[in-house]
Amino acid sequence: MTYFSRRAFLKTGTAGTAALFLVGNTPRLLAADAPAATGTLPPILRLDTEGGIVLAVPAPDMGQGTVTMAAQLIADELDVALEHVRVELMPFVGAMDDKGKAAMGPLIQGAGGSLTTQELWAPLRQTAAYIRGLLVEAAASRWKVAASGLKTAGAHVTGGPGGARLAYTALIPALEGKAAPADLSTVKTRGRGAHTEIGADRPNADAPAIVRGQPIYGLDQTVPGMLHAVIRRCPHLQGELEKFDASAALKMPGVVAVHEIKARKKESGKRLIAAGVAVVAESLWQAKKAAATVECKWNGTPGMDTDSELVMRRAFNALDIAEMATIIEDGDIETAFRDAAKVVEATYSHPTWAHACMEPHSCIADVRADSAEIWVGHQFMDEAINAVAITTGLKSDRITGHFYRMGTAFGRKFEKDYITEACILSGLMKKPVKVTWSREDEMEQDYYNPMGAYRLRGALDKDGKLTAMHVRAVADGWSGHAAREIPQGILDHYKGEWMEMHTAVSNGAWRGPGSNTRAWVTMGFLNELAVAAGKDPLDFLIELFSRKPSVKHSNWPNRVLDLTRYVAMLRRLETESGYRTPLARGRGRGVAIFNTHYGVCGHVAEVEMIGDKDFRVLKVTSVVDCGLPVNPNGVRAQIESGIIDGLDAAKYGKMVFRAGVPTTNNFDSYRKLRIDEAPAEVNIHIMDFGDEDPRGTGEISLPPFIPALTNAIFAASGKRVHTLPISENL
């Protein structure tokens, strides 16, 4: 395994290699050729004699606050003010295997699974702590005192003779030429009690640039001499292009070329890139206008059986009669149901959801005979590099990636179709080409959140205690997870069955993958069981989660869940929400709590009915267990955004397919939440369980909000929401 060229990255001006520290006026190298063979070196820091500190962050930011969080980690360990740390995104610095494929090196250069903060927590702090140690040693040498007696504060080393202090800027020349160790994993970082920046509320570091409209997103980027491409893609799922006529387009001003794009598929048979016709022009507007004149004849036969109503009927039929795979079975489920005092059954279903990213996809590619460059917003740098390598036939170490902030992603910008298209067209044109998607493209060619249908049975004993549960799940993706969700592991008797149903729809990750819908199914049904048992839903959950101190979760990441924390969070919700306070007629509260990936979030939603068919969310009270919060302000922002996304998806989210064609393809047909529908009040409480390390927050609040909402609607109206979206099923 070989590492990508460090000198090549230094020439780009971003100095984004994981193997070097830079210091000085230039800045110059601290260790010009530090060995990287072990792949254990942390991210880069650049310091200059003017007092500036530049951090090259390895993981992209798509709104989850990576940039701000990373700056806080560095400022905390270096003892400098946060405003003195400037952050830029690091290019890919991973490794290349024997087959020429890019692989993650010492850093996880991606964003997904609510893992970014957890992955950067140790290496960023170790990097800063190492540099701080060098500065202290330099001061000790100058003062001829022991380093152990010195401290740092406010970008100074303190504790010198007679109370002397030295600015970092004065010590930087003494660092030049020192070798960086190959492994900083043993460098001691500060404990929780010594943090200054970690745990402090800080605003988004990119906010000034965002409100000024500065070009920090992938869609904003330009390179000299580039052409623009707009692609007429096949509107049919899995469809093909039979023929096209571009004669009118070729006569239009600025049009340079028209190229057919052949459909490509993944090994699974799902779409990699859609069939289409690309119009390449000197400007985006010229390409867009010309593309509209291209006459295309499509063959939509492969996906014609994918129709929303037909697919859902098939799913319900499967719940009735299909032989499903049993993925988990504890105890004696049939005896438990036979001995039950009461059996409760319910069926839930939800449609497909689109990502509807605010920033549609774009990529600039410059493909040459022996190298390639891309400028793109993408969630995983190695995946982006490998997409270029596969398309061009180049080895990954011949590819340079420039990565930018994303205007939301939610999992959609993990896919590589827009990168592949740009590389194909640049290779054909022998020039840089920028491919820009429209809103319709982004929705019609999405990798959607799966649809699903679920049948659940629960057994209650004479005291109203849940004794057994049986889940049958069918969907066109992720459905197996719903069949083995908590309370599996708590109950002695549990059975989960599932079946994946084939459709022509291409599915992918969507904020809180799997959890986003199974939380609604699971927590919604537990609410039904509580009502059937004649118990308050909050008391029912507290009793359930009090049965065991912990349980091993069967779904990724297979955590051991501390159920004592669940109980504490529910008690906090009870207090903070005023849960026991009576409400006026037509109002109701709903509660839910759920583990998503590495974090736990709980909500009490309070709603008021507007007639029989609509509602407004008056208040949301949330509790969060995310370990040690690096930036509580950022945590609250993520929880709020998850609440909004959950409300939006639950109330309106519905992709419609007719004979294999997506018919909801813009905001006029795929309804989004309006600002006046947002909750009037949101109160977020970050739980402190004494953790030394952080966990993720980006995806944890959305899943439990949907059942909290539908449970509140039931409490307010007596109507149980078993089918999403709510707007069509109240």
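Residues numbered from 1 in each chain as written. Predicted model: local features only at pLDDT ≥ 70, side-chain atom pairs only at ≥ 80, totals over all residues. Heavy atoms only, no water.

1. Here we look at the overall build of the chain
Link 1 in the chain: Along the backbone of the chain there are 18 helices and 35 strands.
Link 2 in the chain: By the compact-globule yardstick of 27 Å for 730 residues, the chain fits well, its C-alpha radius of gyration being 28 Å.
Link 3 in the chain: For the chain, the spread of C-alpha atoms along the three principal axes comes to 80 × 75 × 45 Å.
Link 4 in the chain: Long-range pairs, those at least 24 residues apart, make up 76% of the contacts in the chain with a sequence separation of at least 6.
Link 5 in the chain: Total accessible area on the chain is roughly 27700 Å²; 51% of this is exposed by carbon and sulfur atoms. (Helix = DSSP H or I, 4+ residues; strand = E, 2+ residues; numbered from the N terminus. Rg over C-alpha atoms; globule rule 2.2 N^0.38 Å. Contact = heavy atoms within 4.5 Å. Areas by Shrake-Rupley, 256 points an atom, 1.4 Å probe, with all protein chains shown as cover.)

2. Regarding the domain arrangement of the chain
Interface size, as often reported, equals the accessible area lost upon joining of the parts.
Link 1 in the chain: Annotation of the chain at the domain level lists domain 1 (6–211), domain 2 (218–302 + 361–436) and domain 3 (308–354 + 448–728).
Link 2 in the chain: Contacts between domain 1 and domain 2 engage 21 residues on the former and 18 residues on the latter.
Link 3 in the chain: Taken over both partners, the interface formed by domain 1 and domain 2 buries close to 1700 Å², and the fraction arising from carbon and sulfur atoms is 63%.
Link 4 in the chain: Remark: the boundary between domain 1 and domain 2 carries 2 salt bridges.
Link 5 in the chain: With a closest N to O distance of 3.5 Å, Arg405 and Asp61 form a salt bridge.
Link 6 in the chain: Taken together, the connections running from domain 1 to domain 2 amount to 6 residue pairs in polar contact (both at pLDDT 80 or more).
Link 7 in the chain: Residue composition of the side of domain 1 that touches domain 2, by class: 12 nonpolar, 6 polar and 3 charged. (Domains from an automatic or database assignment. Buried area = accessible area lost by both parts, 1.4 Å probe. Salt bridge = Lys/Arg side-chain N within 4 Å of Asp/Glu carboxyl O. Polar contact = N/O pair within 3.5 Å; in protein donor to acceptor, adjacent residues only side chain to side chain. Nonpolar A, V, L, I, M, F, W, Y, C, P; charged D, E, K, R; others polar.)

3. With respect to the sheet that holds strand S19 (residues 325–330)
Link 1 in the chain: Read across the open sheet, the 5 strands follow the order S19-S27-S26-S25-S20; overall the sheet is mixed. Two strands close off the open sheet at either side, each with one partner strand: S19 and strand S20 (342–350). Adjacent strand axes in the sheet meet at a mean angle of 10° when their direction is disregarded.
Link 2 in the chain: Here S20 pairs with strand S25 (residues 452–460) via 9 bridges, running antiparallel. Bridge assignment links Tyr348 to a residue of S25, and that residue is Tyr454.
Link 3 in the chain: Together, S20, S25 and strand S26 (466–475) form the strand contacts of helix H14 (residues 515–532), whose direction differs from that of S20 by roughly 150°. (Pairing = 2+ DSSP bridges. Axes fitted to C-alpha atoms, helices over the stretch in contact; angles between N-to-C directions.)

4. Observations concerning the packing of aromatic side chains
Link 1 in the chain: The full count for this structure, using the stated rule, is 6 aromatic pairs.
Link 2 in the chain: Ring centres of Tyr348 and Trp520 lie 5.0 Å apart, and the angle between their planes is 80°; this geometry places the pair in the edge-to-face category. Of this pair, Tyr348 sits in strand S20 while Trp520 sits in helix H14, placing them 172 residues apart in sequence. Here the two residues Tyr348 and Trp520 agree in accessibility, since each one is buried. (Phe/Tyr/Trp six-rings, centres within 6.5 Å; stacked < 30°, edge-to-face > 60°. Buried < 20%, exposed > 50% of the residue type's maximum accessible area, 1.4 Å probe, protein only.)

5. Notes on the sheet that holds strand S21 (residues 362–367)
Link 1 in the chain: Read across the sheet, 7 strands follow the order S14-S17-S12-S24-S21-S22-S23 without closing on themselves; strand pairing throughout is mixed. Both edges of this open sheet fall to strand S14 (255–261) and strand S23 (399–403), since each of them pairs with a single strand only. For this sheet, the mean inter-axis angle between neighbouring strands, taken without regard to orientation, is 20°.
Link 2 in the chain: Taken together, the 5 bridges between strand S22 (residues 372–376) and S23 define a ladder with parallel strand orientation. Each residue of the ladder has a partner; that of Ile374, found in S23, is Gly401.
Link 3 in the chain: Contacts between helix H10 (residues 381–392) and the sheet are confined to S21, S22 and S23, with S23 contributing the most and set at about 140° to the helix.
Link 4 in the chain: Sheet strands touched by helix H11 (residues 417–429): strand S12 (227–233), S14, strand S17 (276–281), S21, S22 and strand S24 (433–436). Its angle to S21, the strand with the most contacts, is close to 35°.

6. Let's talk about H14
Link 1 in the chain: For H14, built from 18 residues, the straight-helix expectation of 26 Å at 1.5 Å per residue is met to within 8% by its first-to-last C-alpha distance of 25 Å.
Link 2 in the chain: Counting buried residues along H14, 16 of its 18 residues qualify, which places the element largely inside the surrounding structure.
Link 3 in the chain: Residue Gly534 follows H14 closely and has a positive phi angle near 75°. (Expected span 1.5 Å × (residues − 1).)

7. Structural notes on the environment of Asp220
Link 1 in the chain: With respect to the helices and strands, the residue Asp220 is situated in the loop between helix H5 (207–211) and S12.
Link 2 in the chain: Residues Asp220 and Val551, 331 residues apart in the sequence, show an inter-C-alpha distance of 47 Å.
Link 3 in the chain: Apart from residues no more than four positions distant in its own chain, Asp220 is found in contact with Gln214, Pro215 and Lys434.

8. Things to note about the confidence of the model for the chain
Link 1 in the chain: Overall, the prediction assigns the chain a mean pLDDT of 91, with 94% of residues at 70 or greater.
Link 2 in the chain: In this model, residues 1–20 is a region of pLDDT below 50 whose contacts with residues beyond four sequence positions or in other chains number 69 contacts.
Link 3 in the chain: Considering only residues more than four positions removed or in separate chains, one finds that residues 31–41, a stretch of pLDDT under 50, has 35 contacts. (pLDDT = per-residue confidence, 0-100.)

9. Considering unusual backbone geometry
Link 1 in the chain: In this structure, the amide linkage connecting Trp556 to the following residue, Pro557, adopts the cis form with an omega of 5°.
Link 2 in the chain: With an omega of 5°, the peptide bond between Leu724 and Pro725 qualifies as cis.
Link 3 in the chain: For Pro725, the location among the structural elements is in the segment after helix H18 (702–717).
Link 4 in the chain: Non-glycine residue Thr408 carries a positive phi angle of around 75°.

10. A closer look at the pairing of strand S27 (residues 493–500)
Link 1 in the chain: Here S19 runs beside S27; their pairing, made up of 5 bridges, is antiparallel. Bridge pairing in S27 places Thr326 opposite Glu497.
Link 2 in the chain: Taken together, the 8 bridges between S26 and S27 define a ladder with parallel strand orientation. In the strand pairing of S27, Arg472 is matched with Glu497.

11. Some words on the pattern of salt bridges
Link 1 in the chain: Taken as a whole, this structure holds 47 salt bridges when the rule is applied.
Link 2 in the chain: Here Asp441 makes a salt bridge to Arg233, at a shortest N to O gap of 3.0 Å. Taken together, the residues Asp441 in helix H12 (residues 439–444) and Arg233 in strand S12 connect sequence positions 208 residues apart. Pair check on accessibility: Asp441 and Arg233 agree, each one buried.
Link 3 in the chain: The partner of Asp539 in a salt bridge is Arg580, and the shortest N-O contact between them spans 2.7 Å. Placement of Asp539 in helix H15 (residues 537–545) and of Arg580 in the loop between helix H16 (563–577) and strand S30 (587–596) is noted, with a sequence separation of 41 residues between them.

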